[in-house]
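Inside the fold
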Amino acid sequence: MTGPPTPPPSSAVEIEDAARSMLPPQAAPAPATEPSMSTASQPLLDETQPPIVSQTKQSTIYELLFPSISDLARSGSLRELTEVAERGDLSGDFDADPTRLLLVGPLVLAYLILDELPLARHVLTRLPEGLASFPLSQGLFQLVASASERKYSDIYRRADELHHFVLQPTFGNPEFSQILAGMITSFVGGFRKKTFDLLARAYTSIPLPLAQWYLGYPADQAEEFLKVAFASHWAYDSQSHILTPTTRPTSYERNTVYTQSTLSALHLVADSVATLEA
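Computed from a prediction, not measured in an experiment: that's the story for all the values here.

**Some details on the pattern of salt bridges**
Using the criterion set out here, one finds 10 salt bridges in the structure. Note that Arg157 and Asp154 form a salt bridge whose closest N and O atoms lie 3.2 Å from each other. With a gap of 3 residues between them, Arg157 and Asp154 both fall in helix α8 (residues 152–166), about one helical turn apart. Overall, Arg157 belongs to the partly exposed group, its relative accessible area being 37%.

Have a look at this one:
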C-alpha cells in the first residue's frame, strides 16, 4: 500500500506548479502496481456483492445510523456526515458485520468529495479482511488510490465502474445504492471542476486531447467537452486544436475560486441523488 499522498495545493503558486507537473508522459508508462489491498483480477461489474445485511439477530449501530447518514448525504451536509459516520464506525460492537459498509461507503465518498484523501484511505484500512474483500470495498479502495496519485484516466474509469456496480439490481438495498451513486456522481463533478480550474490557472493554452485527458472525456466526446470549455470562457482554434482561456484569474480570484470549488461540491450530492430518484 502506498504512503499518504502529498497534501493538495493551497496557494496560487502551488496550484500552478501542481497543474504543470500533471502532464502525462509521452511514452506509454509501465503498468502501475495495484494497492496491496486489492485482490480482484476481474472487472468490478463481474463481481458479486455479498448481501449487506446484519449477521446478528439485533439491529447493529450501523443500521440504526444509516437513516441519519442518508439524510445528511441528501442535504449535502458532508462535514456532519463524516462526524456521525466516524463516531459510529469507531464505536460499533460488530466491526466485522457487513452492515458496517452502510457507514463506511458514504464516509469514504464524503472524504473523497472533500478532497481529504488520507482520511478516506484510513477508513478503508480499518476494515477487517472479511469486509475489505467485498467488491464495494475494493472499488472504493481503488478509486481512493487513483485519486491520491492523480491518475486522471483511472479516476474517471473507476468512478464509472463503481457507479454502475452500485446501481445493479443485484447490489441490494436500493436506498444505499442511490446514496452511493449520488455521491460518486458528486465526486466526479467536483473533481472535474477543480481540475478545470487548475488548468485555467496554469496554462495560457492547452491542446484539446490533453485537456480531454485531464477531464475524463474520450476522444469521441470532443464536441461535448468543447461545450463545457465554452461555458467556462475558453476559446478554441479548430485549425490548431488548441484551447485558450479568454481571461486569466488574478491572484485573489485564484485562491477564492479554488476554495469555492470545494465548498460548491457539498451541494452536488443532493442534486445527484435527486436526479437518480427522478
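From this point on, the discussion continues.
**Brief notes about the pairing of strand β3 (residues 242–245)**
Here β3 shows one buried face, formed by Leu243 and Pro245, and one open face, formed by Ile242 and Thr244. Across 2 bridges, the pairing between strand β1 (residues 206–207) and β3 is antiparallel. Each bridged residue has a counterpart across the sheet, and for Pro207 the counterpart in β3 is Ile242. Strand direction decides the pairing type here: strand β2 (residues 234–237) and β3, joined by 4 bridges, are antiparallel. Pairing of Asp237 across the sheet is with Ile242, part of β3. Linking β2 to β3, which pair antiparallel, is a turn of 4 residues; within it His241 sits at a positive phi near 60 degrees.

**As for the sheet that holds β3**
Within the open sheet, the 3 strands sit side by side as β1-β3-β2. Their pairing is antiparallel. Taken across any chain shown, the strands that pair with only one partner, and hence form the sheet edges, are β1 and β2. Docked against the sheet, helix α11 (residues 222–231) engages β2 and β3, running at close to 135 degrees with respect to β2.

Rules used throughout
- Residues numbered from 1 in each chain as written.
- Predicted model: local features only at pLDDT ≥ 70, side-chain atom pairs only at ≥ 80, totals over all residues.
- Heavy atoms only, no water.
- Salt bridge = Lys/Arg side-chain N within 4 Å of Asp/Glu carboxyl O.
- Helix = DSSP H or I, 4+ residues; strand = E, 2+ residues; numbered from the N terminus.
- Buried < 20%, exposed > 50% of the residue type's maximum accessible area, 1.4 Å probe, protein only.
- Pairing = 2+ DSSP bridges.
- Contact = heavy atoms within 4.5 Å.
- Axes fitted to C-alpha atoms, helices over the stretch in contact; angles between N-to-C directions.

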